[in-house]
Amino acid sequence: GHARRLAIGLTSIAHASGDPVAVAVVTPHGTVRTAPRTRRGVVTECARVLDAATPHGRVDLADAMPEALSARRLAVISDFLGDAAVLLRPARALLGEGGEVIAIHVVAREELSPPPDAVLATDPEETDIKPALTPDTASAYLRQFAEWREWLAREWRAAGAQYEMTVTDEPADRVVRRIARGEREGERAS
């Protein structure tokens, strides 16, 4: 839902700028992608691919990176659970060649603020993993999660990427505008 809306918004902005756009969705069954195009209808084509994808389980985004690195501008939309370090390597390579990378970290509201009556934390993609949440473990979880998010932001920014965290209940259009402003500010600074 949220990641899909972000991808469509960014695709629309890139297309309106005259840039070739494409999407790649990594699924447990492989990567589904569109070819980079500037023609009319490309945003609709990208939307169809995104709508057909159903998030489920863990996937390895690194599998999609080699082809994605042929782009000069890349937006990676992920929860980054399990693949942050793997994605940083190819992103650094693209950035080193003068490309642009935007890392968009999607965080579920429940991850930031578990309901006070929650007794188990559930990873939305790994529903069989349910650690107990007691007052002690909940505060440790929240502290560790905050430290990890800070580390993630630092690593992407140190690599030269734009990093944005978004929460699933934040309006996607607001996030897309924030990302677009960040790109323009970065262009003015260089």
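Residues numbered from 1 in each chain as written. Predicted model: local features only at pLDDT ≥ 70, side-chain atom pairs only at ≥ 80, totals over all residues. Heavy atoms only, no water.

### Here we look at the overall build of the protein
Then step 1. The helix and strand inventory of the protein stands at 7 helices and 5 strands.
Then step 2. When each of the 190 residues of the protein is scored for burial, the buried share is 39%.
Then step 3. Counting contacts in the protein only where the partners sit at least 6 residues apart, residues at least 24 apart contribute 66% of the total. (Helix = DSSP H or I, 4+ residues; strand = E, 2+ residues; numbered from the N terminus. Buried < 20%, exposed > 50% of the residue type's maximum accessible area, 1.4 Å probe, protein only. Contact = heavy atoms within 4.5 Å.)

### A few points about the packing of helix H1 (residues 2–16) against helix H2 (residues 42–52)
Then step 1. The N-to-C vectors of H1 and H2 enclose an angle of 165°; their axes lie 10 Å apart at closest approach. Considered as vectors, H1 and H2 are oriented roughly antiparallel to each other. Relative to H2, the crossing made by H1 is right-handed. In this structure, H1 contributes Arg4, Ala7, Ile8, Thr11, Ser12 and His15 to the contact, and H2 contributes Val42, Val43, Cys46, Ala47, Leu50 and Asp51.
Then step 2. Within the contact of H1 with H2, the residues separate by chemical class into 7 nonpolar, 3 polar and 2 charged. (Axes fitted to C-alpha atoms, helices over the stretch in contact; angles between N-to-C directions. Parallel < 35°, antiparallel > 145°, perpendicular 65-115°, else oblique. Left-handed = near helix turned anticlockwise from the far one by under 90°. Nonpolar A, V, L, I, M, F, W, Y, C, P; charged D, E, K, R; others polar.)

### Overview of unusual backbone geometry
The phi torsion of most residues other than glycine is negative, and most of the peptide bonds are trans.
Then step 1. In this structure, phenylalanine 80 is a non-glycine residue whose phi angle is positive, near 60°.
Then step 2. Checked against the element boundaries, phenylalanine 80 lands in the loop between strand S3 (73–78) and helix H4 (84–96).
Then step 3. Since its relative accessible area comes to 1%, phenylalanine 80 is described here as buried.

### Thoughts on the environment of serine 113
Then step 1. Note on placement: serine 113 falls in the loop between helix H5 (109–112) and helix H6 (135–159).
Then step 2. The sequence separation of serine 113 and leucine 142 amounts to 29 residues, and the corresponding C-alpha distance is 8.1 Å.

### Points about the pattern of salt bridges
Then step 1. Going through the model one piece at a time under the given rule, you end up with 9 salt bridges.
Then step 2. A salt bridge links aspartate 169 to arginine 109; its shortest N-O distance comes to 2.9 Å. Within this pair, whereas aspartate 169 is found in the loop between strand S5 (162–167) and helix H7 (172–189), its partner arginine 109 is found in helix H5, the two being separated by 60 residues in sequence.
Then step 3. A residue is classified by how much of its surface remains accessible, and aspartate 169, at 48% relative accessible area, is partly exposed.
Then step 4. Residue glutamate 170 is joined to arginine 178 by a salt bridge in which the shortest nitrogen-to-oxygen separation is 2.6 Å.
Then step 5. Look at glutamate 170 and you get buried, because its relative accessible area is 14%.
Then step 6. Because the salt bridges share partners, they merge into one network encompassing Asp19, Arg73 and Glu100. (Salt bridge = Lys/Arg side-chain N within 4 Å of Asp/Glu carboxyl O.)

Spatial relationships are all this shows, so hold off on functional conclusions.
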